[in-house]
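# Survey of secondary and tertiary structure
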Amino acid sequence: MMTNDMQPYQDALAGVTKELLAGSPLAQYTEFYAEHADLLRQHSAPQLRLQPQASWAAYLQCFPTAAYREAFRYTDVLKALAPEYALNPTRRLLQAEPYRRYRCGAKQLGADVLYVVNDVVATPPAPLSLPEGAYAGALSAWTDAERFAQCFAQQNASPASDDPAWLVNDLLAQDAVVVYVPDGVKLTRPLQIVGMSDATDPLMSNRRLYVYLGRKAQATLVVCDHAMGQTPYLTTQTARLVLSAGSHLEYYSLEETSAQTTRLLNLHAQQAAGSTFVSNFVTLRCGLSRNTVRVVQAGDDCLTEVSGALIADSAEHADTHVTVEHGPMRGGQSDLLFKQAVGGTATGAFTGVVDVRPGAAQVASQQQCQNMLLSDAAHVFARPVLKIYADDVKCSHGTTTGKFDAAALFYMQQRGISEAEAKLLLQHAFIYDALRRIRLEPLRSRLSLLAERRMRGGCDTCEGCASE
C-alpha cells in the first residue's frame, strides 16, 4: 500500500492515459515506478522522495516535441532509454569493499576519494580530511536536512531540463553525493568522486550530485566514470551546482567507460555575483555519451569557463550540448573551447549556445569548437550558437574541421620522425589545447599521459582503476 507522502506521485501517474504513453520508451519507467514506489521510498534518502511535482509534470509531458528534436538532433535519448536493464531498488552494494577492490591511478592528486558503485554511495573506510563545517558524502547519511533544503530549494523547485534522462533520474534516483562548503571555507584537497559501473548483468544506475559553495568558498572536484568488463550499462546522472557570491568551483569530468555503456549526464550550475565556474569534460572512451551542460549567470561579474576534449574511434558516439545563460546582470564573461579528434566510424558532436538575456550589459563571450577527422568514415558536428538580446556585449564564435596538417607532417618526417609518430604528436598537441585549461596540474599531467596512451591504442582503462 502506498504511504501518504507518495500519494501525489500516485495521483500524477493516474493522470497519464495508456494512450499517451503507448509506444513510448518512457512507459516502462512510469510502470516500474507505479509498481514499486513504496519499495523505492523505503530505500531512498527522504529528501529525494519529497520532491515537488514540477519535475513529475514535465516528465509526464516529455515526448518528442520540436524543442526536444532541436536539442537532441544528434542523439536520440528516447531511443537510448528504450532497452530494458535491471535496477537495484534496495540499493545493495553489489561489490564488497570498493576502496580495496578499485585502485585509482591518479594518486598524485592527493585527493579525498568517494566511490559510487553503480548508484550506491560507498562509505569511505576513514573520515575525509574536510575543514570544519564542510560535508562530502551520501545524502542519506547527512543529518542536516534543513540545511539541504535551504541550499537546494530553488534547484529542486522546478526541472532544469526537459531531457528525458534528467526526468527519469528525478523519478528513480534514490540517493546522491552531497558536497557542502560553508561561507569562506576552502577545501584544501581536491575531492574525487569515482563512479564505477560493476555488475554481471545489464544494469541501470541513476546517480545524482549536489554541490553547494557558500560565499567566497572554494573547491575542486574531479568526477570520474568507469565501467568494468563488457556488461551493458545505462547510467543517468544529474549534477546540481550552486555557487554563492564570490565562490570558486573547479569541476573536472573524466569519462572512460566502455563500448557497451550508455551515459547520459545533465549538469546545471547557477552562479551568484562574482563567482567563478571552471569546468573541463574529457572523454577518452565511451559507448553512447551525452553531456548536457547548462550554466546560468544570475549575478554581476561572473566568470564561466567550459572546456572539453574528445578522443573517439571505432563506433563510439559522443555528444556535448552546452548552454551558458547571461542573465540581466553586468560584466559576465564566458569562454567555451572544445576539441574533438574522431576516427573509425565514430561520431563527435558539439553544440554551444551563448544566451545573452535582455538587460545584460558589458558581457564578453567567446567559443570555439575545433575538430580533427582521423578517418574518412568518421563524423563530426559543430554548432556554435549566439542568442543576443542586449546591446552592450562582445561575443564571438567559430568552428574548424580538418585532417592532419600536410605541411607539418612533411616537416616532421624530414627530421626523421615516422609518419605514424608524427600523426600521434600532432593529435596529442591538438587535444592538449583543451587539457591545458585544467588548472589542477597533477590532473592535467595525468590526463595528458592517458590521452597519449589512448591514441597509441595500448591502454583501454585508466591505470589502476581496474579491479584487482
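Residues numbered from 1 in each chain as written. Predicted model: local features only at pLDDT ≥ 70, side-chain atom pairs only at ≥ 80, totals over all residues. Heavy atoms only, no water.

### So, the nonpolar core
Note on soluble globular proteins: their nonpolar side chains tend to be buried together. Operational definition: Each nonpolar core is a collection of buried residues, namely Ala, Val, Leu, Ile, Met, Phe, Trp, Tyr and Cys, held together in the definition by side-chain atoms within 4.5 Å. Exposed residues in this analysis have more than 50% of their type's maximum accessible area, buried residues have under 20%, and partly exposed residues fall in between, with area computed by a 1.4 Å probe over protein chains only. In what follows, a contact means two residues having at least one pair of non-hydrogen atoms within 4.5 Å.
By size, the foremost hydrophobic cluster in this structure holds 52 residues, and its most contacted members are Val 179, Leu 209, Leu 241 and Tyr 251. Contact partners of Leu 209, with chain neighbours within four places excluded, come to Val 177, Val 179, Ile 193, Leu 221, Val 223, Thr 238, Ala 239, Arg 240 and Tyr 251. Membership of the second largest hydrophobic core comes to 29 residues, among which are Ala 111, Leu 254, Val 278 and Ala 309.

### Comments concerning helix α9 (residues 164–172)
Operational definition: For the purposes of this entry, the term helix denotes a DSSP run of H or I that reaches at least four residues, the term strand denotes a run of E that reaches at least two, and both are numbered from the N terminus. Counting of polar contacts relies on pairs of N or O atoms within 3.5 Å, with two restrictions inside protein: one atom must be capable of donating a hydrogen and the other of accepting it, and residues adjacent in sequence are counted only when both atoms are side-chain atoms.
Where burial is concerned, most of α9 is hidden: 9 out of the 9 residues are buried. Within α9 the residues assigned to the buried category are Pro 164, Ala 165, Trp 166, Leu 167, Val 168, Asn 169, Asp 170, Leu 171 and Leu 172. Two to three positions downstream of the cap, the backbone nitrogen of Ala 165 sits 2.9 Å from a side-chain oxygen, assigning the N-cap of α9 to Asp 163.

### Focus on the packing of helix α11 (residues 419–435) against helix α12 (residues 441–456)
We count it as follows: Note on method: axes are straight lines fitted to C-alpha atoms, helices fitted across the in-contact stretch only, with angles between N-to-C directions ranging 0 to 180 degrees. Crossing handedness is read from the near helix: turned anticlockwise from the far helix by less than a right angle, it gives a left-handed crossing, and turned clockwise, a right-handed one. Following the grouping adopted for this structure description, the nonpolar residues are Ala, Val, Leu, Ile, Met, Phe, Trp, Tyr, Cys and Pro, the charged ones are Asp, Glu, Lys and Arg, and the polar ones are all others, Gly among them.
Packing of α11 against α12 leaves a shortest axis separation of 10 Å and a crossing angle of 145°. As for the relative orientation of α11 and α12, their crossing is right-handed in sense. Here Glu 421, Leu 424, Gln 427, His 428, Ile 431, Tyr 432 and Leu 435 of α11 lie close against α12, whose contacting residues are Arg 444, Leu 447, Ser 448, Ala 451, Glu 452, Met 455 and Arg 456. Of the residues that constitute the contact of α11 with α12, the class distribution is 7 nonpolar, 3 polar and 4 charged.

### A few points about the packing of helix α10 (residues 406–414) against α11
Each pair of packed helices can be described by the angle between their axes along with the distance between the axes. Test applied: Throughout this description, any angle smaller than 35 degrees is read as roughly parallel, any larger than 145 degrees as roughly antiparallel, any in the 65 to 115 degree range as roughly perpendicular, and the remainder as oblique.
Between α10 and α11, the shortest axis-to-axis distance is 9 Å and the interhelical angle comes to 130°. With respect to α11, the element α10 is oriented oblique. Read as a crossing pair, α10 and α11 show a hand that is right-handed. Along its contact with α10, which presents Ala 408, Leu 409, Met 412 and Gln 413, the element α11 presents Glu 419, Ala 422, Lys 423, Leu 425 and Leu 426. When the residues that make up the contact of α10 with α11 are grouped by side-chain class, the tally is 6 nonpolar, 1 polar and 2 charged.

### So, the sheet that holds strand β6 (residues 203–213)
Note the following rule: Two strands pair under a simple rule: DSSP has to find at least two bridges between them.
The strand order β3-β4-β6-β8-β10-β12-β14-β16-β18 describes an open sheet built from 9 strands, whose pairing is mixed. In this open sheet, the two edge strands, each paired with only one partner strand, are β3 (135–138) and β18 (379–388). With strand direction ignored, the average angle separating the axes of adjacent strands in the sheet is 5°. Pairing analysis gives 10 bridges linking strand β10 (residues 261–271) to strand β12 (residues 288–297), with the strands arranged parallel. Directly across from Gln 271, in β12, lies its bridge partner Gln 297. Across the sheet, α9 lies against β6, β8 (233–243) and β10, angled at about 90° from β6, the strand it touches most.

### Quick word on the pattern of salt bridges
Put simply, the rule reads: Salt bridges, as used here, are contacts in which a Lys or Arg side-chain nitrogen is within 4 Å of a carboxyl oxygen on Asp or Glu.
A full pass over the atoms with the stated rule returns 24 salt bridges. The residue Arg 147 makes a salt bridge to Asp 144 at a minimum N-O spacing of 2.9 Å. Between Arg 294 and Glu 325 there is a salt bridge, with its nearest N and O atoms 3.3 Å apart. Of this pair, Arg 294 sits in strand β12 while Glu 325 sits in strand β14 (residues 317–326), placing them 31 residues apart in sequence. Overlapping salt bridges bring together Arg 207, Asp 225, Glu 255 and Arg 263 as one network.

### A look at the pairing of β14
Among the 10 residues that make up β14, 10 are buried, leaving the element largely enclosed by the rest of the structure. A two-sided burial pattern is seen for β14, the buried positions comprising His 317, Asp 319, His 321, Thr 323 and Glu 325 on one face and Ala 318, Thr 320, Val 322, Val 324 and His 326 on the other. As judged from the 10 bridges shared by β12 and β14, these two strands associate in the parallel manner. Within β14, the residue paired with Val 295 across the bridge is Val 324.

### Some details on the packing of aromatic side chains
The condition is simple: For this analysis, a ring pair means two rings from Phe, Tyr or Trp (six-membered ring only for Trp) whose centres lie within 6.5 Å, classed as stacked if their planes differ by under 30 degrees, edge-to-face if by over 60, and tilted for the remaining angles. Only lysine NZ and arginine CZ atoms are considered, and such an atom sits over a ring when it is within 6 Å of the ring centre and within 35 degrees of the ring normal.
With the rule as written, the count across this model stands at 12 aromatic pairs. The interplanar angle of 85° and the centroid separation of 5.0 Å between the aromatic rings of Tyr 99 and Tyr 115 together place this pair among those described as edge-to-face. Here Tyr 99 is found in helix α7 (residues 98–101), whereas its partner Tyr 115 is found in strand β1 (residues 112–117), with 16 residues between them in sequence. Like Tyr 99, the residue Tyr 115 is buried in the burial classification. Here a set of aromatic residues connected by ring pairs shows up, and it is made of Tyr 135, Trp 142, Phe 148, Phe 152, Tyr 180, Tyr 210 and Tyr 212. A cation over a ring is seen here: Lys 339 above Phe 430, with NZ or CZ 4.2 Å from the ring centre.

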